[in-house]
Amino acid sequence: MASTTKTTANSDLDDAQDATSGALHAVIDQGRAVAEQLPSVDDAKAAFNAAQEQLDGLSDRGVIAAVGFSAGVTAGLFLAGAPRLILALSVIPFAVTLRSAFSRGVRLSRLVN
């Protein structure tokens, strides 16, 4: 009787391990499927570099206008009560254009006046 209980317990344990292993492989496969659909980091870097090249092609006045426009959009979203995620995303172009303006040597007084 004791050997029958051990055999049943071992088979139940094996079944549980097989089920867990199958579930783990299913989760891994689903994770890989999702990861294939997400844009890669290289794509994001390429997009950022392309945006930076476009900003570099602008005149100083164009960069100042881009800073003002992106600051206005961000402020408008903030005053309208946009969700935090949207605000965080709107700060990215503002930061990029501001960085470009400062790297050109544009003084803050020219940005404000």
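What counts and how
- Residues numbered from 1 in each chain as written.
- Predicted model: local features only at pLDDT ≥ 70, side-chain atom pairs only at ≥ 80, totals over all residues.
- Heavy atoms only, no water.
- Helix = DSSP H or I, 4+ residues; strand = E, 2+ residues; numbered from the N terminus.
- Contact = heavy atoms within 4.5 Å.
- Areas by Shrake-Rupley, 256 points an atom, 1.4 Å probe, with all protein chains shown as cover.
- pLDDT = per-residue confidence, 0-100.
- Core = buried A, V, L, I, M, F, W, Y, C linked by side-chain atoms within 4.5 Å.
- Buried < 20%, exposed > 50% of the residue type's maximum accessible area, 1.4 Å probe, protein only.
- Expected span 1.5 Å × (residues − 1).
- Arc of directions from axis to C-beta.
- Salt bridge = Lys/Arg side-chain N within 4 Å of Asp/Glu carboxyl O.

### Details of the overall build of the protein chain
On a plain count of helices and strands, the protein chain comes out with five helices and zero strands. Starting at the N terminus and ending at the C terminus, the protein chain contains elements arranged as α-α-α-α-α. For the protein chain, restricting intrachain contacts to residue pairs at least 6 apart in sequence, the fraction spanning at least 24 positions comes to 67%. Counting only carbon and sulfur atoms, one obtains 64% of the accessible surface of the protein chain, whose full area is about 8,600 Å².

### Topic: the confidence of the model for the protein chain
Looking at the protein chain as a whole, its pLDDT mean stands at 80, while 78% of the residues score no less than 70. When the elements of the protein chain are averaged for pLDDT, helix H5 (residues 108-112) gives the smallest value, 66, and helix H3 (residues 60-80) the largest, 91.

### Details of the nonpolar core
Where a protein is soluble and globular, its nonpolar side chains tend to be buried together. In this structure, Val 63, Ile 64, Val 67, Ala 101 and Val 106 together form the largest nonpolar core, which totals five residues. Here this core gets three residues from one element, more than from any other, and that element is H3.

### Quick notes on H3
Spanning 21 residues, H3 covers 30 Å between terminal C-alpha atoms, matching the ideal 30 Å at 1.5 Å per step. Residues Val 63, Ile 64, Ala 66, Val 67, Ser 70 and Thr 74 constitute the buried set of H3. Each buried residue of H3 lies within a common arc of 160 degrees when the element is viewed along its axis, so the set occupies one face. Seen from the open side of H3, the exposed residues pointing more than 90 degrees away from its buried face are Arg 61, Phe 69, Leu 79 and Ala 80. Trailing H3 by a residue or two, Gly 81 shows a phi angle of about 80 degrees, which is positive.

### Topic: the environment of Gly 105
Structurally, the position occupied by Gly 105 is in the loop between helix H4 (84-103) and H5. For the pair Gly 105 and Asp 60, spaced 45 residues apart in sequence, the C-alpha separation works out to 9.4 Å.

### Details of the environment of Ile 92
With respect to the secondary-structure elements, Ile 92 resides in helix H4. Here the alpha-carbon distance between Ile 92 and Ser 70, two residues 22 residues apart in the chain, equals 9.1 Å.

### Describing the pattern of salt bridges
Within the structure shown, the criterion is met by one salt bridge. With a closest N to O distance of 3.1 Å, Asp 60 and Arg 104 form a salt bridge. On the criterion of sequence distance, the pair formed by Asp 60 in helix H3 and Arg 104 in the loop between H4 and H5 is long-range, its members being 44 residues apart. According to the relative accessible area criterion, Asp 60 is partly exposed, its value standing at 33%.

### Observations concerning H4
Over its 20 residues, H4 runs 28 Å from end to end, which matches the ideal 28 Å to within 8%, given 1.5 Å per residue. Buried within H4 we find Leu 87, Ser 90, Val 96, Thr 97, Ser 100 and Ala 101. Immediately beyond the C-terminal end of H4, within one or two residues, lies Gly 105, with a positive phi of roughly 90 degrees.

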